[in-house]
Amino acid sequence: MSDRAAPVGEHHSRREQAGDQHLPVITGLGAISSVGVGVDALWDAIDHGRSGAREVRSFDTSAMRNHVGCEVDDQDLERAVDQLGGAPASGGSWHDLPRASRLACAAAGEAMRAAGLEAADLDAFCLGTTTGNLLEIEDDLVVADPSRGDRVASVIHDNFAQAVARALGVTAPATTVATSCSAGNIALSQAADLVRQGQAERVVAGGADAFSRFAFVGFARMRAMATERCSPFSEGRQGMMLGEGSAFLVLESAGSAAARGVEPLAVVRGYGLSCDAHHIATPQPAGRGAAAAMTRALADADLPPEAVGYVCAHGTGTMANDIAESKACRAVFGEHRPYVSSLKALLGHSLGAASALEAVASILSLRHQRYIPAWHLTTRDERCDVDLPTAETVVDRPFRAVLNNALAFGGNNSCVALTRA
Amino acid sequence: MTGWAGVLDQTLADDAPHEPAALAAALDLPDRAVEAFALGPFDVRIPLVNQRTLGAKVLILALARLLEHADSDTLPPAERRALVVGTRTAALGETIHFLQQVDEIGPTLVNPGLFPFTVMNAPAGMAAIRHACQGANVTLNNGATSLPDALASAADMVAAGREEIAFAGAFEALGPAAGASVGRDRPALAASVLFALETAAGAAARGVRPLAELRAYTRGELAATDGAREEVVNAAAEASSAPAAALEVRSTPGAAGERTREERVLFDAAEALLAASDGRPAAFTAGFEHGAAGSGAAVVLAPPADSEA
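For clarity, every value in this text was computed on a predicted model and none was experimentally measured. (Residues numbered from 1 in each chain as written. Chains lettered and ligands numbered in written order. Predicted model: local features only at pLDDT ≥ 70, side-chain atom pairs only at ≥ 80, totals over all residues.)

### Details of the overall build of chain A
For step 1, the next point in the chain: Check the secondary structure of chain A and you find 14 helices and 14 strands.
For step 2, the next point in the chain: Against the compact-globule benchmark of 22 Å for 421 residues, chain A has a radius of gyration of 20 Å, which places it among compact chains.
For step 3, the next point in the chain: Along the longest, intermediate and shortest principal axes, the C-alpha atoms of chain A span 60 × 55 × 40 Å.
For step 4, the next point in the chain: Residues classed as buried in chain A amount to 65% of the 421 residues present.
For step 5, the next point in the chain: Residue pairs in contact within chain A that sit at least 24 positions apart in sequence constitute 81% of those at least 6 positions apart. (Helix = DSSP H or I, 4+ residues; strand = E, 2+ residues; numbered from the N terminus. Rg over C-alpha atoms; globule rule 2.2 N^0.38 Å. Buried ≥ 20, exposed ≤ 12 C-beta atoms within 10 Å, placed from the backbone. Contact = placed C-beta atoms within 7 Å.)

Here's what the structure looks like:
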């Protein structure tokens, strides 16, 4: 048994208590998405503007208006899972795990390998998701037959993060953050707090969601999906593109990383959370909640707005989101104009995994000192008054800090401030 | 903890007994805990929240009751109020309903308004809208330990100065379809318990007397045995500097083979708070289901400082 025992309420001042030893640094990254397996494939796609969008393969879309999505190639997923080696600690074969679990295990495994850590080295595991493994049993849910109760009960009673952790052999406490599209960012925030408060030395945090007919139909019916390509912040954009994937980051105290002789990739400097309290599915039009999350992240990170060179936007490509998020950026930064772009142009919206993938991309962007181009940009929507970097925008202004935004149904806003190590 | 509220709604349970004692027996919960909750059916109209969004309904009602007893003039502004909830069943009923509608009506005609309510954080989002909570809004789906984990997360937020007040707790919603899907053989219901968490200094500044102090939280993994439960409670007691023997422990271990008892921890937590507010240090546990490989957690609640003396 491993446990976390904490006197609650003794974390009076994170800054006083944290010090450099408890600074949460990133020492490993892992990613799988529609553009390929691994962090290198992700950066290559970002660098070359390679999109993962294609005709949906996992179910029949012929009756629907939308037919394109950003699915992980089945062979890619099998190859990623093979890289884990051996078999799940929870039994069976890697290939028998539900798809969302396989995606999560593949990305978390890559991050742990990159950090040089074993499952037993971890003190906590935080995973954000929208549906976890629930839709794996879609047929059982629709029938709602008590005789199938054990199967459904085993899924809802299981903590998705715990199921993934168990497969990986992680016995540390596992937490599932279920805040839909902001879940990856909030999992990362929770992990950062555990490290900063001295409750954990090494935490793996990220997000995972599998492609589903459920979400595809839902977003299509809401008229929120583009038919061919996602073009965030562009005039005449049609909406989002559904995606899937997973990304994980290893957060470690600076003291632990130094003791292991590991060079940090970046620092989780702070975060901010807020709620629009406005509408279940539509952002507050002025971006008030998003701005509050960004302002809180800057304050928590002790960074002035001018320190931020790039904002990895939530940028779904829907009319409402992109306008509200642009207004939030203007409210936070004023005359300062950091570059803003959205990775969803290439990967689509992978829901609970999205902000984890974007956090990984943000760190790669910091490491390479290259802004993520606003791929698929046509003409900027005049209502989106932000500076969008092009593929030609390289290091014309070096940057030290990035804000990673994630905005979700329920008016749920999160922002993570990342800086160079 | 400066306030609490519990709500148990049986709107969709035609066969549920409405007398507290009979209901407690049907649900296998202690009489006192059930009596301490507000019992429905609740005939209320909440914009956008219908009878199918049971989780949102009970969470909104619980928050309304909690705020009824709070001094609204001294409450922190909306942007400093967090809502942190745990849930095991989350939006299971809404998800099933949407899937069934897709099958029955077709993917091109299904009501798009149903979809946003299928996300697990929809109830917390709706409660935030209804009661103006613009601070952090977090939903955890941690199986059996969802409630204690949410309380610990909220307490950390408040202690760290991120939020001035956090309304934290849990909701569980099992309408007939969702209940059937998990093989539940007891009345359909939805329940929520919420606690108001703020620092002692914050409560003093507002002139509010605390009911209890959330002293410690411990979580253990692979904690499927009675021995593990004792170990986790002892660890929580140690972290709280309270002797374990002095704690009144509220615990409802699952019976072998039992599949669903989502609501029990809500009542155990409420009972522990009632004990602590009466001056008796108490703890409640969650998880520890026989035969389960999941985690278990314990939370220690101490009487407020002035009553300990």
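### Here's the deal with helix α8 (residues 183-196) of chain A
Residues and elements named next belong to chain A.
For step 1, the next point in the chain: The end-to-end C-alpha separation of α8 is 20 Å, in line with the 20 Å expected for 14 residues at 1.5 Å each.
For step 2, the next point in the chain: With 14 of 14 residues buried, α8 lies mostly within the body of the structure.
For step 3, the next point in the chain: Note on α8: the residue one or two positions beyond its end, glycine 198, has a positive phi of about 75 degrees. (Expected span 1.5 Å × (residues − 1).)

### Overview of helix α7 (residues 160-168) of chain A
Residues and elements named next belong to chain A.
For step 1, the next point in the chain: Counting buried residues in α7 gives 9 out of 9 residues, a clear majority hidden from the surface.
For step 2, the next point in the chain: Within the span of α7, buried status applies to Phe160, Ala161, Gln162, Ala163, Val164, Ala165, Arg166, Ala167 and Leu168.
For step 3, the next point in the chain: Those residues of α7 that are buried are in contact with α4 (99-115), β6 (124-128) and β7 (174-177).
For step 4, the next point in the chain: One or two steps after α7, the chain reaches glycine 169, where phi turns positive at roughly 85 degrees.

### Regarding the interface of chain B and chain A
For step 1, the next point in the chain: Taken together, the contact between chain B and chain A spans 74 residues of the former and 63 residues of the latter.
For step 2, the next point in the chain: Taken together, the elements giving at least two residues each to the side of chain B that touches chain A come down to α4 (92-105), α5 (122-131), β4 (137-140), α6 (146-159), α7 (176-181), β7 (213-220) and α9 (226-239) of chain B.

### Considerations on the environment of A:Val360
Residue and element names in this part refer to chain A.
For step 1, the next point in the chain: Along the polypeptide, valine 360 turns up in helix α14 (residues 354-368).
For step 2, the next point in the chain: Judged by the 30 C-beta atoms lying within 10 Å of it, valine 360 falls in the buried class.
For step 3, the next point in the chain: Taking the C-alpha atoms as reference points, valine 360 and alanine 31, 329 residues apart in sequence, are found 7.6 Å from one another.
For step 4, the next point in the chain: Among all residues touching valine 360, those that are not within four sequence positions of it are Leu29, Ala31, Val39, Leu42, Ala247 and Leu249.

### Focus: the confidence of the model for chain A
If pLDDT is low for a region, its predicted coordinates should not be looked at in detail.
For step 1, the next point in the chain: Overall, the predicted model of chain A reaches an average pLDDT of 93, with 94% of residues at or above 70.
For step 2, the next point in the chain: Segment residues 9-18 of chain A is flagged for pLDDT under 50; beyond a separation of four residues in sequence, or across chains, it makes 16 contacts in the model. (pLDDT = per-residue confidence, 0-100.)

### What to know about the environment of B:Phe171
Residue and element names in this part refer to chain B.
For step 1, the next point in the chain: Here phenylalanine 171 lies in strand β5 (residues 165-174).
For step 2, the next point in the chain: Taking C-alpha positions, phenylalanine 171 is 7.2 Å from valine 85, a pair spaced 86 residues apart along the chain.
For step 3, the next point in the chain: Those residues in contact with phenylalanine 171, other than ones at most four positions away along the chain, are Gly55, Val58, Leu59, Val85, Thr87, Pro123, Ala191 and Ser192.

### Some remarks on the packing of helix α2 (residues 39-48) of chain A against α14(A)
All names here are of chain A.
For step 1, the next point in the chain: The N-to-C vectors of α2 and α14 enclose an angle of 70 degrees; their axes lie 10 Å apart at closest approach. Relative to α14, the element α2 lies roughly perpendicular. From α2, Val39, Leu42, Trp43 and Ile46 reach across to α14, where they touch Val360, Ala361 and Leu364.
For step 2, the next point in the chain: Along the lines of polarity and charge, the residues of the contact of α2 with α14 split into 7 nonpolar, no polar and no charged. (Axes fitted to C-alpha atoms, helices over the stretch in contact; angles between N-to-C directions. Parallel < 35°, antiparallel > 145°, perpendicular 65-115°, else oblique. Nonpolar A, V, L, I, M, F, W, Y, C, P; charged D, E, K, R; others polar.)

### Structural notes on the packing of α8(A) against α14(A)
Residues and elements named next belong to chain A.
For step 1, the next point in the chain: Where α8 contacts α14, the two axes come as close as 5 Å, and the packing angle between them is 65 degrees. Each of Gly184, Asn185 and Leu188 in α8 lies in contact with α14, whose residues at this interface are Ala354, Ser355, Ala356 and Ala359.
For step 2, the next point in the chain: A class-by-class count of the residues in the contact of α8 with α14 yields 4 nonpolar, 3 polar and no charged.

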